[in-house]
Amino acid sequence: MKTSDAATEITRASKSNLAFAFIAMSGARRRDITTFYAFCRVIDDIADDDRRNQETKRRELAMWRQSLRGEFANEPALAKPVRQLLSTYPITPEMLEEIITGVEMDVDIRRYATWDDLRVYCHRVASAVGLVSIEIFGYKNPQCRDYAIALGLALQMTNIIRDVAADLKADRIYLPAQDLARFHYHEELMNFEAARAEKSFADASRLLPLEDRRSMLPAEIMRSIYQALLRRMKLDNFRVFEKGYRLSKLEKLGRVTAQFLNCFLNFRRRASV
């Protein structure tokens, strides 16, 4: 199997909302964002694999760090196309290494004491992903970086809220211990965490430059899908221990269509000015 095919298969198999957003892209940029997403998926799977012990996980992640700096024997097949991204876009090894550092936190850390601690984790595993993604999407206004940071935080907090039950089964609690104690495990805790995500979604919407709305269409699809997911959980009183939350393919397609339409209307408005 060719490397490009392998990256596509990894992306398709993940059934991720992020992969779904790639429908807004074509050509080389779609190929390259697929390669980057496959990289993120592979290193995340290393940290989450219960069949690997901690030493094995650290060793494999260290191999990925090494491969970002140059080719070495028996490196993953995906390593070479990932390195190609570094020469094609304004992406540095340090930007990808920050994502690996975030994944490494899942190898050793099972609890977070404060929001500040959790925010560091969210930045590394989500906002750092956004900062690389926007380089592949292409943008004009540097404010897009602030947009990516805010959106990444919102998406990761939504994931954390959705996955509370599954994470607990894996002996992981991402919700800060400080918040758990403050709300005495009451349902208001979830509303409090959701408000954090909602604020970050609002910040992202405010920070997105008008001239970059077209290039950020895949990210805006993600924002729309995850905001709808968060709203659904909130309206259902966050019954995450009783049921799983997701949007159907039809619902996602509806949001993709709406974002395409918004993008088209914004372009028409700008063209008429």
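Residues numbered from 1 in each chain as written. Predicted model: local features only at pLDDT ≥ 70, side-chain atom pairs only at ≥ 80, totals over all residues. Heavy atoms only, no water.

(A) Here's a closer look at the nonpolar core. Counting 84 residues, the largest nonpolar core has F36, F39, W64, L96, I99 and L118 as its most contacted members. Broken down by element, this core gets its largest block of residues, 13 residues, from helix 7 (residues 115–137). Apart from residues lying up to four places away in sequence, L118 is in contact with Y112, M157, I160, Y174 and P176. (Core = buried A, V, L, I, M, F, W, Y, C linked by side-chain atoms within 4.5 Å. Buried < 20%, exposed > 50% of the residue type's maximum accessible area, 1.4 Å probe, protein only. Helix = DSSP H or I, 4+ residues; strand = E, 2+ residues; numbered from the N terminus. Contact = heavy atoms within 4.5 Å.)

(B) Examining helix 11 (residues 188–207) more closely. Over its 20 residues, helix 11 extends 29 Å from the first C-alpha to the last, a length consistent with the 28 Å expected when each residue adds 1.5 Å. Every buried residue belonging to helix 11 is among L189, M190, E193, A194, R196, A197, S200, F201, D203, A204 and L207, and all of these are buried. (Expected span 1.5 Å × (residues − 1).)

(C) Geometry of the side chain of D167. Mapping D167 onto the fold places it in helix 9 (residues 164–169). Not counting residues up to four positions away in its chain, the partners in contact with D167 are R172 and Y174.

(D) Molecular detail of the packing of aromatic side chains. In this structure the tally under the stated criterion is 6 aromatic pairs. Each ring, one from F39 and one from W64, has its centre 5.3 Å from the other, and the planes form 70 degrees; the classification is edge-to-face. With F39 in helix 3 (residues 27–48) and W64 in helix 4 (residues 54–69), the pair connects residues that are 25 residues apart, well separated along the chain. Comparing F39 with W64 shows no difference in burial state: the two are buried. Summarising the aromatic geometry, the rings of Y112 and Y174 are spaced 6.0 Å apart at their centres and angled 20 degrees between planes, so their arrangement reads as stacked. Separated by 62 residues along the polypeptide, Y112 in the loop between helix 6 (93–108) and helix 7 and Y174 in the loop between helix 9 and helix 10 (177–183) bring together distant segments of the chain. Lying over the aromatic face of F192, R182 brings its terminal NZ or CZ to 4.7 Å of the ring centre. (Phe/Tyr/Trp six-rings, centres within 6.5 Å; stacked < 30°, edge-to-face > 60°. Lys NZ or Arg CZ within 6 Å of the ring centre and 35° of its normal.)

(E) Focus on the packing of helix 6 against helix 7. The interhelical angle for the contact between helix 6 and helix 7, taken along N-to-C directions, is 155 degrees, at an axis separation of 8 Å. Classified by the interaxial angle, the pair formed by helix 6 and helix 7 is roughly antiparallel. You can see that helix 6 and helix 7 cross each other, and the crossing is left-handed. Two secondary-structure elements touch here, helix 6 through M95, L96, E98, I99, T101, G102, V103, M105 and D106 and helix 7 through Y121, H123, R124, V125, A128, V129, L131, V132 and E135. Of the residues that constitute the contact of helix 6 with helix 7, the class distribution is 11 nonpolar, 3 polar and 4 charged. (Axes fitted to C-alpha atoms, helices over the stretch in contact; angles between N-to-C directions. Parallel < 35°, antiparallel > 145°, perpendicular 65-115°, else oblique. Left-handed = near helix turned anticlockwise from the far one by under 90°. Nonpolar A, V, L, I, M, F, W, Y, C, P; charged D, E, K, R; others polar.)

(F) Representation of the packing of helix 3 against helix 5 (residues 79–88) within the structure. In the contact formed by helix 3 and helix 5, the axes pass within 9 Å of each other and the chain directions differ by 125 degrees. Relative to helix 5, the element helix 3 is oriented oblique. For the crossing formed where helix 3 meets helix 5, the hand is left-handed. Of the residues in helix 5, those in contact with D32, T35, F36 and F39 of helix 3 are P81, V82, L85 and T88.

(G) Broad picture of the environment of P209. With respect to the secondary-structure elements, P209 resides in the loop between helix 11 and helix 12 (217–235). C-alpha of P209 to C-alpha of Y147: the two residues are 62 residues apart in sequence and 8.5 Å apart in space.

(H) Looking closely at a nonpolar patch on the surface. A cluster of nonpolar side chains, I23, L253 and F260, forms an exposed patch at the surface whose accessible area comes to about 240 Å². Among the secondary structure elements, L253 is positioned in helix 13 (residues 249–272). According to the relative accessible area criterion, L253 is partly exposed, its value standing at 40%. (Patch = residues over 30% accessible without salt bridge, like charges linked within 9 Å, V, L, I, M, F, W, Y side chains within 5 Å. Areas by Shrake-Rupley, 256 points an atom, 1.4 Å probe, with all protein chains shown as cover. Salt bridge = Lys/Arg side-chain N within 4 Å of Asp/Glu carboxyl O.)

(I) Spotlight on the environment of D49. One can find D49 in the loop between helix 3 and helix 4. The class of D49 is buried, set by a relative accessible area of 13%. Between the C-alpha atoms of D49 and V107, which are 58 residues apart in sequence, the distance is 9.7 Å. Only 2.7 Å separates the side chain of D49 from the side chain of R52, close enough to count as a polar contact. (Polar contact = N/O pair within 3.5 Å; in protein donor to acceptor, adjacent residues only side chain to side chain.)

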